[in-house]
Amino acid sequence: MMILIGSLHFYFISSLLSRANGFLTLRTPTAHVFPFYNYSYLNLSSLAEAQAPKTARALNFSHNVIEKITKKDLEGFDALEVLDLSYNRIKDIEPGAFERLLSLVSVNLSFNDKTLLVPGFPPHLKLLPTSEASGSLQLSKYFDKSPEAAPEPSASAEELPHPGGPSALQNVNLQLRQSTENLLRRAEKNIMVSPTATLKSDFCRAPINGTLDLSNSKLSEEELMLKLDPDLCQAQLDSILELDISHSDLEMDLLSLFVLFLPMKNLQSIDASYNKLTINILDVEGFCNFSFSKLLFLNISNNPINSLDTLCLPSTIKVIDLSFTNISQIPHNFAKKMFNLENMYVQGNHFIYTVRPEVTNAVPKFPPGTVHINAISFVRNQAGTPIESLPKKVKHLKMSNCSIVELPEWFAGTMEELLFLDLSSNRISVLPDLPTSLQHLDLSNSDIKIVPPSFKSVSNLTVFNIQNNKITDMHPEYFPLTLTKCDISKNKLNMLSLTDALEKLEYLNVSGNLITRLEPGSRLSALANLDSSHNLISELPDDLGKSLPMLKYFNLSGNKISFLQRGSLPASLIELDISDNAITTIVEDTFGQLTSLSVLTVQGKHFFCNCDLYWFVNVYIHHPHLQINGKGNLRCSFPPDRRGSLVESSNLTLLHCSLGIQMAITACVAILVVLVLTGLCWRFDGLWYVRMGWYWCMAKRKQYEKRPENKPFDAFVSYSEQDANWTKENLLEKLETDGFRICYHERDFKPGHPVLGNIFYCIENSHKVLFVLSPSFVNSCWCQYELYFAEHRVLNENQDSLIMIVLEDLPPNSVPQKFSKLRKLLKRKTYLKWSPEEHKQKMFWHQLAAVLKTTNKPLVRAEKGSAEDMYEME
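As named in an unreviewed UniProt entry, the chain is Toll-like receptor 2 type-1, taken from Gavia stellata. Note on the chain: under the UniProt heading Sequence similarities (unreviewed entry), the record states "Belongs to the Toll-like receptor family." Of the comments in the UniProt record for the chain, the one headed Subcellular location (unreviewed entry) reads "Membrane".

Rendered as structure tokens:
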């Protein structure tokens, strides 16, 4: 007969009753006591392909491509009790296919072809009609009301629970429970150990602070049943608030597991992650009603759940973790079952988008050799989305790494209480429509290229993570005004414009982009953390510090910055990272203003180890309240002889680098030199030599003048003032009486002319120069000048015109150093000596007159005077 789609269910009547409170619950035995073989998701086209063992008592052929069931397929399965053929393409069942399966108690043919015909029910199976919403076809074993009709240990029809609710379950008596247990335990070869044969202390474990920890204990189903036996451990079970059976390699189905938890009246949290839990094969939605009232948290992550279609869990759960459970969709009835759910974690699964095309009678025919490809939409087809439903109360939803392409169209309008949404590591290419209640959004590691203007409608969003996408342009005006934290790193931005549209933004990460320059469009007084590392920034605006007055954490690492100028860094900074740039120096003018800085990260090998780095090496690096990370790895690139060496080892001393100190030292040295020279001049008549040099220069300038051919004077007399009386009364009077024309300064110097000019004039206009030598002569500067110029004349004219008259003896040590010329003259030249004896005076005047009358001879010949007529100084 024709079966209506979605109107019938196959119920598995053979069930295991829990030992607590007489509840009737469905139990699928595990492989330890019940031979079960799973051939689902193998793309089988017939039952024979699986070559299942004939001794199997339960077979799962769901989610394959089987189209027909024949008698031969089921031949020899005499012990088969449960057969799941749901989610196939079965169109035809050969008559009598199930008649020989006398042990069969349950067949599931739901979700097959709409035209499926069951030509005749087996005599021991009964069709149970249910609501059309169930969407499945269910058959169960029929038990006659009379005891004679049921020789096997089973339940009577009066004792069969109706799929209504807990009231029906609570009326089942102990006889039915024992009969059903015996039904499933027949043909079991292993023997269960009776709990009464074991001491209570060996199995019952008391919880510690309300937590019973059975994790990492390699539990079997039987061992767990003994540890949670209500007949032996009820007192301990009542005090359990949290149960941890994670990492125990436990093999059970969820429904059987939760049957064991029924005696725990105060249970609030269950962690059953990292086990081998499976979903119950049969759909028991009709009587899936638990008495839990306090259970809030369930973690069944990292289990081979595979499907949520027949999920049976307490509806009080508010937090569920379904991560890494191999589920491929969230079915349409999930929201109805878990209507109190607030936090949901399903990351690490693989959601499959499918398309269910409409069935049409007319099948198009294509000519041979034609390749026909149907266009399939994985997004807009409502029937094809893997997210068919979600509880409306969910506030925290994590669906990262689930192969999601797009959210369903109903998502934004249905999830009105959603606050946290994690869609990272999916295949989303377009920013989806989102509920306005959302506060935290993570879309990282996707394929989004633009942020549309509609994104601003998410008016309560405060945290936005869209890193590692393909964003090329950032429009701050499209972002919600409430945004306080934004991560847009590892995209393809080439410019960052900071406008007042982000006035509440406190954290911004734009690292790993292609940004070349930061453009502060306005003052962002709330921004405290900015990460712009690993971009192409070469310089910072000099007004960036004013635009970001509250910035505390700034990451500029991995850019191309060579210099940080004054005003480019906010004074409010607490942490700064400038590592892996092209920075050559760190100067006080920029970093000295960062009084709040406590952590500086700096690495690089481009530093100029010259005096510009003196402040950093000798002052800043030793700051007691500053932590500098990477200071031991800084390398010099200049000067060439320091290339590759550590910055810390640079010998940048204050003397070498301080211009003020250098100038002060130079000035001190100069003053010292001047003082020393002054002392030396004072000691060795240096001032006199200076003046003499000046006069000599002046004398050199006179050389261009033409010397007089007819000189008016026979001799010029040079003497000191102390010898003036002798010179005037004796020398001048005698010589002028004898007719000689004598020139001396008191009479012949021209008034108003410089003394130097008069001296030079008299020497140049006299044939001879007489020097009256005495101790007072060598102490007279003017006498020395006259001697100097006379010697200069001798050298220029190459004529010996000097006449030395020694008035008083001159001891060798009495002649000063400045009279070095006189010393030389006295040593190499003959001279006349005045004597107080009269007979010698006559000789003196005679010789002097003879010398004055002679012409000037060449200098070489003049030095060969007669020693007989001269007195040489010893």
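**Here's the deal with the overall build of the chain**
Within the chain, the regular secondary structure consists of 22 helices and 39 strands. The burial tally for the chain puts 49% of its 874 residues in the buried class. Put simply, of all contacts in the chain between residues at least 6 apart along the chain, 58% involve residues at least 24 apart. Total accessible area computed for the chain in this model is approximately 43,500 Å², and 53% of it derives from carbon and sulfur atoms.

**Here we look at the nonpolar core**
Membership of the largest hydrophobic core comes to 130 residues, with the highest contact counts inside it found for Phe261, Phe554, Leu576 and Phe591. Looking at this core, the elements with two or more residues in it are helix H5 (230–238), helix H6 (254–260), strand E23 (496–498) and helix H11 (614–618). Looking at this core, the element that brings in the most residues is H6, giving 5 residues. Setting aside its immediate chain neighbours within four residues, Phe554 contacts Leu518, Leu530, Ser532, Leu540, Leu544, Leu569, Leu573, Glu575, Leu576 and Asp577. Among the nonpolar cores identified, the runner-up in size contains 26 residues, and Phe716, Phe749, Tyr785 and Met804 belong to it.

**Side note on the state of the cysteines**
Applying the stated rule across the entire model yields 3 disulfides. Bridging Cys204 to Cys233, the disulfide has an S-S length of 1.7 Å. Between Cys204 and Cys233, the S-S torsion sits near -75°, and that sign places the bridge as left-handed. Here Cys204 is found in the loop between helix H3 (200–203) and strand E12 (211–213), whereas its partner Cys233 is found in helix H5, with 29 residues between them in sequence. With a sulfur-sulfur separation of 2.5 Å, Cys611 is cross-linked through a disulfide to Cys657. As the torsion about the S-S bond is roughly -75°, the Cys611-Cys657 disulfide counts as left-handed. Here Cys611 is found in the loop between strand E30 (607–608) and H11, whereas its partner Cys657 is found in helix H12 (residues 654–657), with 46 residues between them in sequence. Looking at Cys611, the relative accessible area reads 29%, which means it is partly exposed. The thiol sulfur of Cys743 is not disulfide-bonded, and the nearest other cysteine sulfur, from Cys762, lies at 3.2 Å. By relative accessible area, Cys743 is classed as buried at 0%.

**Re the pairing of strand E35 (residues 766–773)**
Buried residues dominate E35, accounting for 7 of its 8 residues. Looking at chain direction, strand E33 (residues 713–718) and E35 are connected through 5 bridges and run parallel. Bridge assignment links Ser718 to a residue of E35, and that residue is Phe771. The sheet contact formed by E35 and strand E37 (residues 802–806) spans 5 bridges and is parallel. Opposite Phe771, over in E37, you have Met804 as the bridge partner.

**Re helix H15 (residues 724–737)**
Over its 14 residues, H15 extends 18 Å from the first C-alpha to the last, a length consistent with the 20 Å expected when each residue adds 1.5 Å. Ala724, Trp726, Thr727, Leu731, Leu732 and Leu735 are the residues of H15 that are buried. Positive phi shows up at Gly739, right after H15, with a value of about 95°.

**Regarding the packing of H15 against helix H21 (residues 838–853)**
Remark: H15 packs on H21, axes separated minimally by 12 Å, with the N-to-C direction vectors making an angle of 55°. As far as their axial angle goes, H21 and H15 are oblique. Considering the relative orientation of H15 and H21, their crossing is right-handed. The residues of H21 that touch H15, namely those facing Asn730, Leu731, Lys734 and Leu735, are Trp845, Leu848 and Leu852. Residue composition of the contact of H15 with H21, grouped by class: 5 nonpolar, 1 polar and 1 charged.

**Concerning the sheet that holds strand E34 (residues 742–743)**
Pairing between the strands of a sheet comes from backbone hydrogen bonds, and it takes one of two forms, parallel or antiparallel. If you trace the 5 strands from one edge of the open sheet to the other, you get E34-E33-E35-E37-E38, paired in parallel fashion. Whereas interior strands pair on both sides, the edge strands pair on one side only; in this sheet they are E34 and strand E38 (832–833). Lying over the sheet, H15 contacts E33, E34, E35 and E37, oriented at roughly 150° with respect to E35. Where helix H17 (residues 755–764) meets the sheet, it contacts E33, E34 and E35, and its direction lies at approximately 115° from that of E35.

**Examining the pattern of salt bridges**
Per the stated rule, a full pass over the model turns up 15 salt bridges. A salt bridge links Arg517 to Glu519; the nearest nitrogen and oxygen atoms lie 3.1 Å apart. Residue Glu519 is classed as partly exposed on the basis of its relative accessible area, which comes to 33%. Salt bridges sharing common partners tie together Asp249, Glu251 and Lys276.

**A look at the pairing of E37**
Within E37, 5 of the 5 residues are buried, which leaves the element mostly enclosed by the surrounding structure. Of the two faces of E37, both are covered, the one formed by Leu802, Met804 and Val806 as well as the one formed by Ile803 and Ile805. Two elements, E37 and E38, share 2 bridges in a ladder whose sense is parallel. Paired with Val806 across the strands is Lys833, a residue of E38.

**Observations concerning the side chain of Ser835**
Within the secondary structure layout, Ser835 lies in the loop between E38 and H21. Residue Ser835 is classed as buried on the basis of its relative accessible area, which comes to 14%. Excluding its chain neighbours within four sequence positions, the residues that come into contact with Ser835 are Lys840 and Gln841.

**Considering a nonpolar patch on the surface**
A cluster of nonpolar side chains, contributed by Leu655, Ile665, Val669, Leu672, Val673, Val676, Leu677, Leu680 and Phe684, occupies part of the molecular surface with about 770 Å² of accessible area. In terms of residue count, helix H13 (residues 659–683) provides more of the nonpolar patch than any other element does, 7 residues in total. Here Val669 is to be found in helix H13. Residue Val669 is classed as partly exposed on the basis of its relative accessible area of 46%.

What counts and what doesn't
- Along each chain, residue indices are assigned from 1 in the same order as the chain's sequence is written.
- For a predicted model such as this one, the threshold for reporting local features is a pLDDT of at least 70, and the threshold for listing and counting side-chain atom pairs is 80 or more; totals across whole chains, interfaces and linings nevertheless cover every residue.
- To obtain the side-chain values, all non-hydrogen atoms of the structure were included, while hydrogens and water were left out.
- UniProt positions are given in the numbering used here, feature names are shortened, and annotations may be inferred rather than shown by experiment.
- Where helices and strands are cited, they refer to DSSP runs of H or I of at least four residues and of E of at least two residues respectively, numbered from the N terminus.
- Only protein chains enter the area calculation, which uses a 1.4 Å probe; residues under 20% of their type maximum are buried, those over 50% are exposed, and those in between are partly exposed.
- Residues count as neighbours in contact if any of their non-hydrogen atoms are within 4.5 Å of one another.
- Note on areas: these come from Shrake-Rupley sampling with a 1.4 Å probe, and a residue is covered only by the protein chains present in the view.
- What is meant by a nonpolar core is a set of buried Ala, Val, Leu, Ile, Met, Phe, Trp, Tyr and Cys residues, joined one to another through side-chain atoms within 4.5 Å.
- When two cysteine sulfur atoms are found within 2.5 Å, that pair is recorded as a disulfide.
- If DSSP finds at least two bridges between two strands, the strands pair.
- Working rule for helices: expected span equals 1.5 Å times residues minus one.
- A fitted line through C-alpha atoms serves as each axis, taken over the contacting stretch for helices, and the angle formed by two N-to-C directions is quoted from 0 to 180°.
- An angle below 35 degrees is read as roughly parallel, one above 145 as roughly antiparallel, one from 65 to 115 as roughly perpendicular, and any other as oblique.
- Crossing handedness is defined as follows: a turn of the near helix away from the far one that is anticlockwise and smaller than a right angle gives a left-handed crossing, while the clockwise case is right-handed.
- Polarity classes work like this: nonpolar for Ala, Val, Leu, Ile, Met, Phe, Trp, Tyr, Cys and Pro, charged for Asp, Glu, Lys and Arg, and polar for all others, with Gly in that last group.
- Only one rule defines a salt bridge in this text: a Lys or Arg side-chain nitrogen within 4 Å of an Asp or Glu carboxyl oxygen.
- Exposure above 30% relative accessible area and the absence of a salt bridge qualify a residue for a patch, where like charges join within 9 Å and nonpolar side chains (Val, Leu, Ile, Met, Phe, Trp, Tyr) within 5 Å.

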